[in-house]
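Coordinates in review
Here's the letter readout for the chains.
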Amino acid sequence: MTQLPRIVLPGEGESVQIGTTTHTTFKAVGGETDNRLGIFEHRMDAGAPGASPHIHKEQLEAFYVLHGTVELHLDGRSFPAKPGTYVNVPENMSHGFRNPYQDQATMLIVFTPAKDREEYFRGLAELYADGNRPTEDELLDLMSRYDQYELTVDGTVPGWGRH
């Protein structure tokens, strides 16, 4: 069993830049919590395309909006989520997020279990590094390795995009 005591102050934690619009900081990862919990601070610039609607088959995901407004998608319904909004997403339920608004937005993303979930975000950062635009096959391969499944095979969900 691996559970490590840790204090992560504001501005601390490993961070990854995903494309030009999204910055994720790992506050807690599965390797420190016996895979029980992952908490990521996810900051999106205005206009960030975010994550197209998808499901996770083996993990619960939750969102808590800290700053700005995030458009969240949950089980076929999209809505603006302002600071203080909490959304719980059970396994196998469609969800996604983006920031189509004029201001930057920040939210906490919580995963349980959290086994290797940060590796998905590291993989996204790598695929989008240096202005690269990954292929749909590259994105779908990354997703399938970390329990993420698009609602459409080609990722084309009207009005939703990619990082």
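Details of the structure are given in the entry above.
Worth saying up front: this structure is predicted, and the values here are computed from it rather than measured. (Residues numbered from 1 in each chain as written. Predicted model: local features only at pLDDT ≥ 70, side-chain atom pairs only at ≥ 80, totals over all residues. Heavy atoms only, no water.)

Points about the nonpolar core
Counting 31 residues, the largest nonpolar core has F63, V70, L72, F97, M107 and F121 as the members making the most contacts within it. Per element, the largest residue contribution to this core is five residues, and it comes from helix α1 (residues 117–128). When neighbours within four sequence positions are excluded, V70 is seen to be in contact with M44, V65, F79, P80, A81, F97, R98, Y101, A105 and M107. (Core = buried A, V, L, I, M, F, W, Y, C linked by side-chain atoms within 4.5 Å. Buried < 20%, exposed > 50% of the residue type's maximum accessible area, 1.4 Å probe, protein only. Helix = DSSP H or I, 4+ residues; strand = E, 2+ residues; numbered from the N terminus. Contact = heavy atoms within 4.5 Å.)

Observations concerning the pattern of salt bridges
For the structure shown, the criterion picks out six salt bridges. Between E71 and R98 there is a salt bridge, with the nearest N and O atoms lying 2.8 Å from each other. Remark: R98 occurs in strand β9 (residues 95–98) and E71 occurs in strand β6 (residues 70–74); sequence separation between them is 27 residues. Assessed through its relative accessible area of 17%, R98 is described here as buried. The closest approach of N and O atoms between R122 and E119, which form a salt bridge, is 2.3 Å. Taken together, the residues R122 and E119, both in helix α1 and three residues apart, mark about one turn of the helix. By relative accessible area, which is 28% here, E119 ends up partly exposed. (Salt bridge = Lys/Arg side-chain N within 4 Å of Asp/Glu carboxyl O.)

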